[in-house]
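Structural overview
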2 protein chains.
Amino acid sequence: MSTEKEVTIYDIARKLNISSATVSRALNDDPVVSKKTKQKIFDLAEQMGYRTNLFARNLRNNRTNTIGVIIPRINSFFMSSVISGMEKVANQSGYNLIISQSSESVEKEIKNVKTLYNSRVDGLLVSLAYDTIDTSHFDVFFKMRLPLIFFDRVVEHEHATNIIIDNRKKAYEATQHLIDQGCRRILHVTAIPRQTVYVERLAGYKQALADHNIKFKEDYVIINDLSHRAGIETAAIIQAMNTMPDAVFVSNDDCAIGCMIALKKAGIRIPDDIAFVGFNNDPISTIVEPNLTTIDYPGYEMGVVAANNLINHLHLNGVAPIHTTNTIIIRSELIIRASSLKRK
Amino acid sequence: MSTEKEVTIYDIARKLNISSATVSRALNDDPVVSKKTKQKIFDLAEQMGYRTNLFARNLRNNRTNTIGVIIPRINSFFMSSVISGMEKVANQSGYNLIISQSSESVEKEIKNVKTLYNSRVDGLLVSLAYDTIDTSHFDVFFKMRLPLIFFDRVVEHEHATNIIIDNRKKAYEATQHLIDQGCRRILHVTAIPRQTVYVERLAGYKQALADHNIKFKEDYVIINDLSHRAGIETAAIIQAMNTMPDAVFVSNDDCAIGCMIALKKAGIRIPDDIAFVGFNNDPISTIVEPNLTTIDYPGYEMGVVAANNLINHLHLNGVAPIHTTNTIIIRSELIIRASSLKRK
C-alpha cells in the first residue's frame, strides 16, 4: 500500500532513465521510438498500474470495447429486461456495458453523456428522459462518428437509429379489445404525451374510439406519473365520477394494478364493473387477481436488437453507417387475461 | 460531420505550430510551459473535442467525480432501490454514477473492475457476484488507495467498509414468528450458502429452531436460485412430501410468491395449511393474496449510506481512511401480513 499517487509518464521515464517525451511518444505508438523501447515502456506502464488512456488506446484501434447505456430509471421490469438483452449480446462480443440513469431529468442526461464520453465508450444506447426535447447534448457523439441508438423513448435524428414497438397500433388493439367486450366508457391513464411513446398510445386509443363511433372525451384521459401510487389516486378519481367508466386502459402495469387493488378494496368488481388493460406485461400482471390483460413489451428482445445493431456497426467500422437504418420495430402483442374478459 | 478520428496532442500541436512535447507538458501542467501557452492549449483542446484524460485530470485534483457501481443484477426491486439511494446522494454532491452488472459471474466482475478502473472512477460501490470468493481483482483499487465499499453481498477486507443488514437476526425473527404461530415443520428455501447473506440467514433459521427445541432437518433446507420459477418447482417438491411442512421461510419474495401461487392453484390454503414468510419487502408482496409477511430490506437507505460514506471519504481526501470503518449495519424489520397469521 505504498503507491498513493496516480502513475504518470514522468514516473515511467524516471524509472527507465529516458525522457518523458519518449514515453509519451511510445504510448502514442510513434514510429520514432524503437519496438524494443516501446515494449519496455508498455511492460513497466502495466506493472506500475498506469491507467489506459487515449495514447494506450490508440494502439488497439482506438477502442475500449465499452458501450455506454443511458436510461431514465432502472426500477422497472421492462428496463432490466432491456439491459439483460444488451448484456447478453455485449458479453458474446467481448464488450462491457456501463450504465447511467438520467432519473428522468434532461440535466442529468447531459451530465451522463459527458461522463460516458470521457469514459471513452465506443458507442451509446439511449432511452430518453421524460423532459428531453432538445438533443444537442448528443452532438459530441455524432461529431466523432461514435454510433448512437435510441430505444423505447426515441427522437428522430438523421444520424441515429430508433428501436421501438408500434405503440399506436398496440394501443389501438387494447382499446378495440375493450370495445369488443362491450365497453363504451373507456378511460385512458397515461403520462404527459411529450415522449413519442405516450403520444402514440393516446393516438391509438383515440383512433380506436373514432373507428367505433365512440366520442372522445378529454376528461377520460388521466395524466399522471404512472406509479403504483398514481394508480391508487386514479381509483379515487374514478369513484368520484358521476358515471363510472366501464373500462380503463393504462399505459403501464404498475399503475393499472395500483388502481385495480384500490377499486377492489372499495367493492368494485373487475372486470364485471370495470375492465382493465395495462401495458408492458410485467411479471406482476400474472400475480394480481384477476390477472391483468396487457401488451407484451419484449424488453429483452429490444435490448438484443439495440446492442446487436451497435456492435455490428462498430465491427464494420463504419462501412455500413448506422444512419442508413432509420427505425426498427420490434414485434409486440396483446395478451388477454381475466381482467378484461367481460364476455366469458 | 467532418471530424472522424479522435483528436490527439499532435493535432493540437500542429494547429498551434508548437511541438507535441509542449502540448503534452502543458496538459500535464508542467511548470516549464508558460501559463499563456497552457491556456491556449487548453482552449483549443476543448474546442477540438480532445477527450479528458489522465493529463487533463491531473489539473483538477485527479478526480472525475464519477463513482463506479458493480452489482450482480439490476432486475430486482431491492437493487433498483439501492441505486436510487446512491443516485440521490451522488447528484447532491455533484457526482455521477456509472453502473455495471456482473450477471452473477466472477469473470464478468473482473472485467467490470477493469472497465471502471480505466473509466477513471474515483471509487467503487460493490455487491459481489454469486461465485466471487477470491477478491484480488479489486487490489488495483486498494493499491491506488481508491476507496471501495461493499454492500449487501460483502466480504471481509481490511481496506473496505461493509454495509449490510443483520441477516442472521432477521432470519431468526422470521423463523421465531412462524414458531409463535404454532408452526413446527418449517422449510427454509434459500440460495447456496456461499455468500454471507445466505450463510447468515440459514444460521438464524437454525438458531431459532434450536432455541425452541425443534430438531433441524437437512432435507427441510431447499437450495435453488430463488427465482419465481424455482418457487413453482418448490411447490411441487412440497406436494410430493410424505408430511407437508406447515410453514415456509424463503430468502426472497419472488420465490416465495411463485411457490404460494402454485400451492394455491393446487388447493392448498395459505396460511391455514402452510404459512409463508419472504425476504426483501418487494412491492409484489402486497399484491399477492394473501399479502406476504416479509423482512423489510431498506435498499434505498443502504444506497444512501454507501454513497455517503464513499463521498465523505473522497471529500476528506483520505484524512479519515475508509478502512477505519469496518461494518455498518442498516436497520431492517419483520413486517407481518396475512400469509403467516395462523392465529388471527
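Note that the structure is predicted; figures quoted are calculated from it, not measured.

Remarks on the overall build of chain A
Along the backbone of chain A there are twelve helices and twelve strands. Taken over the C-alpha trace, chain A has a radius of gyration of 26 Å; the compact-globule value for 344 residues is 20 Å, which it surpasses by more than 25%. With 344 residues in all, chain A has 57% of them scored as buried. Taking contacts inside chain A between residues at least 6 apart in sequence as the whole, the part at least 24 apart equals 74%. In the structure as shown, chain A presents an accessible area of about 14300 Å², 49% of it carried by carbon and sulfur atoms. Separation between the mean location of the 40 positive side-chain charges and that of the 37 negative ones in chain A comes to 4 Å.

Regarding the sheet that holds strand β8 (residues 247-250) of chain A
Residues and elements named next belong to chain A. Within the open sheet, the four strands sit side by side as β7-β6-β8-β9. Their pairing is parallel. Only two strands of the sheet have a single neighbouring strand rather than two, namely β7 (221-223) and β9 (275-277). Sheet twist, expressed as the mean angle between neighbouring strand axes with direction ignored, is 20 degrees. As defined by bridge partners, strand β6 (residues 186-190) adjoins β7 across three bridges and the pair is classed as parallel. Bridge pairing in β7 places T190 opposite I223. Across the face of the sheet, helix α8 (residues 167-180) comes into contact with β6, β8 and β9 while running at roughly 170 degrees to β8.

Describing the pairing of strand β2 (residues 96-101) of chain B
All names here are of chain B. By the criterion of burial, β2 is predominantly enclosed, with six of the six residues buried. Burial of the side chains of β2 extends over both faces: N96, I98 and S100 are buried on one face and L97, I99 and Q101 on the other. The pairing of strand β1 (residues 66-71) with β2 spans six bridges and is classified as parallel. Among the inter-strand pairings, V69 is bridged to a residue of β2, identified as I99. Remark: the β1/helix α5 (residues 77-92)/β2 crossover connection has right-handed handedness.

As for α5 of chain B
Taking 1.5 Å of rise per residue, the 16 residues of α5 of chain B would be expected to cover 22 Å, and the 23 Å separating its terminal C-alpha atoms lies within 8% of that figure. One or two steps after α5 of chain B, the chain reaches G94 of chain B, where phi turns positive at roughly 75 degrees.

Considering the packing of aromatic side chains
All told, the structure shown has twelve aromatic pairs over all chains when counted by the stated rule. Between F279 of chain A and Y297 of chain A, the aromatic rings sit 6.4 Å apart at their centres with planes inclined by 70 degrees, giving edge-to-face as the arrangement. One end of the pair, F279 of chain A, is in the loop between β9 and β10 (294-296); the other, Y297 of chain A, is in the loop between β10 and α12 (299-315), with 18 residues separating them in the sequence. Classification of F279 of chain A as buried rests on a relative accessible area of 0%. Note on Y117 of chain B and F141 of chain B: the rings are 5.6 Å apart at their centroids and 80 degrees apart in plane angle, and the pair reads as edge-to-face. Here the residue Y117 of chain B occupies a position in helix α6 (residues 106-118), and F141 of chain B occupies one in helix α7 (residues 139-143), the gap between them amounting to 24 residues. Relative accessible area serves as the criterion here: at 0%, F141 of chain B is assigned to the buried category. One aromatic cluster is present, built from ring pairs that chain together F78, F249, F279 and Y297 of chain A. Above the ring of Y220 of chain A, the side-chain terminus of K217 of chain A is found at 4.6 Å from the ring centroid. A cation over an aromatic ring shows up here: R201 of chain B above the ring of F279 of chain B, its NZ or CZ 3.6 Å from the ring centre.

Some words on the domain arrangement of chain A
Per the domain assignment, the segments making up chain A are domain 1 (9-52), domain 2 (65-165 + 299-330) and domain 3 (167-296). Centre-to-centre separation of domain 1 of chain A and domain 2 of chain A, based on C-alpha positions: 35 Å.

Side note on helix α10 (residues 228-239) of chain B
Residue and element names in this part refer to chain B. The terminal C-alpha atoms of α10, which comprises twelve residues, lie 17 Å apart, in line with the 16 Å expected from a rise of 1.5 Å per residue. Among the residues of α10, those classed as buried are A230, G231, T234, A235 and I238. Projection of α10 onto a plane perpendicular to its axis shows the buried side chains occupying an angular sector of 155 degrees, all on one side. Elements that come into contact with the buried residues of α10 comprise β6 (186-190), β7 (221-223), β8 (247-250) and α11 (253-265).

What counts and how
Residues numbered from 1 in each chain as written. Chains lettered and ligands numbered in written order. Predicted model: local features only at pLDDT ≥ 70, side-chain atom pairs only at ≥ 80, totals over all residues. Heavy atoms only, no water. Helix = DSSP H or I, 4+ residues; strand = E, 2+ residues; numbered from the N terminus. Rg over C-alpha atoms; globule rule 2.2 N^0.38 Å. Buried < 20%, exposed > 50% of the residue type's maximum accessible area, 1.4 Å probe, protein only. Contact = heavy atoms within 4.5 Å. Areas by Shrake-Rupley, 256 points an atom, 1.4 Å probe, with all protein chains shown as cover. Lys, Arg positive; Asp, Glu negative; His and termini not counted. Charge placed at Lys NZ, Arg CZ, Asp CG, Glu CD. Pairing = 2+ DSSP bridges. Axes fitted to C-alpha atoms, helices over the stretch in contact; angles between N-to-C directions. Right-handed = clockwise from strand over helix to strand, strands pointing away. Expected span 1.5 Å × (residues − 1). Phe/Tyr/Trp six-rings, centres within 6.5 Å; stacked < 30°, edge-to-face > 60°. Lys NZ or Arg CZ within 6 Å of the ring centre and 35° of its normal. Domains from an automatic or database assignment. Arc of directions from axis to C-beta.

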